[in-house]
Amino acid sequence: MNASPRIGIIGAGAIGGFYGVMLASAGFDVHFLLRSEFNAVARQGLQLNSAVHGALSLQPVQAYRSATEMPACDWLLVGAKTTSNAELASTIAQAAAPGAKVVLLQNGLGVEEELRPLLPDSLHLLGGLCYICVHRSAPGVVEHQALGAINLGYHSGPSDAAESRQAILETGVAMFKQAGLDSSAMAQLDQARWQKLVWNVPYNGLAVLLNSDTTALMGNADSRALVEAIMQEVVDAATACGHQLPPGFAGKLLAATDRMPDYLPSMYHDFARQRPMELHAIYAAPLAAAAQAGCAMPRTEMLYQALRFLAQRPR
């Protein structure tokens with residue numbers, strides 16, 4: 001394990017930009033793979049406007065158009081959307097140092113299982129669950145409203161022993177903590193992904209379908225009841241799939257959302273900017289897992305069907 005690891009950011013949008021700037025500001029050697037925003041970032045750097053950490057600017061930025069131009073990285077943080085994972089596999093392999101740790105900073109279920117067969121066996125694959133309110137307001141400009149914790153779980157790779165896997169997780173956790181971020185190691189990655197879906201399934205889809213932010217969704221009795229009902233479907237599906245979530249978990253998320261600043265989830269921004277929505281990872285995969293376990297999710301299924309209609313309709 002390198003004492004000073006080289007970190008690569010693949011997909012330097014809101015999530016990748018936030019964690020990349022925070023790590024670079026803490027003194028880590030961070031390299032950013034950029035495509036559409038390369039010229040803007042090369043010219044003006046990266047700007048993070050954080051309600052928690054203040055205004056942080058990174059200039060110059062170690063930025064690249066292609067993974068072949070990047071130095072080999074010990075850690076690769078993948079902040080790109082799950083919709084591009086199949087195309088990202090070769091990019092990850094090109095940017096990875098031998099034995100690199102690849103962390104998927106992505107929402108949804110089954111993302112590691114789908115990417116794993118496309119990666120070299122020598123790479124460690126981890127899941128990174130980000131609890132954060134963040135969005136990109138302009139090329140190279142990230143707006144951070146609240147939170148920022150990132151929890152890590154080991155999925156697969158050359159480490160078979162539990163002790164070595166735990167050591168990798170603890171190294172990653174320490175890296176983020178050094179950057180001033182809350183972080184912890186997760187023993188059960190699948191369960192943690194289900195827990196995050198309890199929030200993502202209702203709020204992402206309803207924000208798009210009802211053209212509403214979290215404050216509006218929580219302030220109306222009908223939409224709030226719908227959020228709560230969908231949350232309970234996800235909790236029940238997780239239980240059917242063998243993951244017992246903490247008691248009162250959905251209620252705690254509702255209370256936490258009440259305390260959050262007004263927020264538009266990432267799927268809202270994707271739909272508004274006519275980018276592909278992450279319907280497979282956030283809806284299709286958990287619906288399929290629940291169906292296999294014999295658990296019906298009628299409200300979630302209807303939400304998914306409505307979102308598919310919107311995604312396929314010419315605009």
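Computed from a predicted structure; not experimentally measured.

A. Here's a closer look at the overall build of the protein chain. A tally of helices and strands in the protein chain yields twelve helices and ten strands. Here the protein chain has a C-alpha radius of gyration of 19 Å; the compact-globule value for 315 residues is 20 Å, and the two agree. Referenced to the eigenvectors of the C-alpha coordinate spread, the extents of the protein chain come out at roughly 50 × 45 × 35 Å. The 315 residues of the protein chain split such that 54% are buried. Taking the contacts inside the protein chain whose residues are at least 6 apart along the sequence as the reference set, 71% of them involve residues at least 24 apart. Per element, the accessible surface of the protein chain, about 13300 Å² overall, is 52% carbon and sulfur.

B. Highlighting the pattern of salt bridges. Here the structure, examined in full by the defined rule, presents eight salt bridges. The closest approach of N and O atoms between Glu112 and Arg193, which form a salt bridge, is 2.7 Å. Remark: Arg193 occurs in helix 6 (residues 189-209) and Glu112 occurs in helix 4 (residues 111-115); sequence separation between them is 81 residues. The exposure class assigned to Glu112 is buried, which follows from its relative accessible area of 1%. Judged by relative accessible area, Arg193 falls into the buried class, the value being 2%.

C. Broad picture of the packing of helix 8 (residues 221-240) against helix 9 (residues 249-259). With their axes 10 Å apart at the nearest point, helix 8 and helix 9 run at an angle of 140° to one another. Considering the angle they form, helix 8 stands oblique to helix 9. Our pair here, helix 8 against helix 9, has a crossing hand that is right-handed. Contact residues: Arg224, Val227, Glu228, Met231 and Val235 in helix 8; Ala250, Leu253, Leu254 and Asp258 in helix 9. Considered class by class, the residues forming the contact of helix 8 with helix 9 number six nonpolar, no polar and three charged.

D. Representation of the packing of helix 11 (residues 279-292) against helix 12 (residues 298-312) within the structure. Two elements in contact, helix 11 and helix 12, have axes separated by 10 Å at closest approach and are oriented at 145°. Crossing angle aside, the handedness with which helix 11 passes helix 12 is left-handed. Only Thr300, Glu301, Leu303, Tyr304, Leu307, Arg308 and Ala311 of helix 12 make contact with helix 11, whose side of the interface consists of Leu279, Tyr283, Ala284 and Leu287. Of the residues contributing to the contact of helix 11 with helix 12, the split by class is eight nonpolar, one polar and two charged.

E. Up close: the nonpolar core. Ranked by internal contacts, the top residues of the largest apolar core, which has 43 residues, are Val198, Tyr203, Met231, Met267 and Tyr283. Those elements giving two or more residues to this core turn out to be helix 6, helix 7 (214-219), helix 8, helix 9, helix 10 (266-272), helix 11 and helix 12. The element that contributes the greatest number of residues to this core is helix 6, accounting for eight residues. Other than its neighbours up to four places away in sequence, Tyr283 contacts Asn200, Val201, Asn204, Gly205, Met267, Thr300, Leu303, Tyr304 and Leu307. Counting residues in each nonpolar core, the second largest holds 40 residues, with Leu105, Cys130, Leu169 and Val173 among its members.

F. Main features of helix 3 (residues 85-95). Every buried residue of helix 3 is accounted for by Asn85, Leu88, Ala89, Thr91, Ile92 and Ala95. Here the buried face of helix 3 lies against strand 1 (6-10), strand 2 (29-33), strand 6 (73-78), strand 7 (96-104) and helix 4.

Parameters and conventions
Residues numbered from 1 in each chain as written. Predicted model: local features only at pLDDT ≥ 70, side-chain atom pairs only at ≥ 80, totals over all residues. Heavy atoms only, no water. Helix = DSSP H or I, 4+ residues; strand = E, 2+ residues; numbered from the N terminus. Rg over C-alpha atoms; globule rule 2.2 N^0.38 Å. Buried < 20%, exposed > 50% of the residue type's maximum accessible area, 1.4 Å probe, protein only. Contact = heavy atoms within 4.5 Å. Areas by Shrake-Rupley, 256 points an atom, 1.4 Å probe, with all protein chains shown as cover. Salt bridge = Lys/Arg side-chain N within 4 Å of Asp/Glu carboxyl O. Axes fitted to C-alpha atoms, helices over the stretch in contact; angles between N-to-C directions. Parallel < 35°, antiparallel > 145°, perpendicular 65-115°, else oblique. Left-handed = near helix turned anticlockwise from the far one by under 90°. Nonpolar A, V, L, I, M, F, W, Y, C, P; charged D, E, K, R; others polar. Core = buried A, V, L, I, M, F, W, Y, C linked by side-chain atoms within 4.5 Å.

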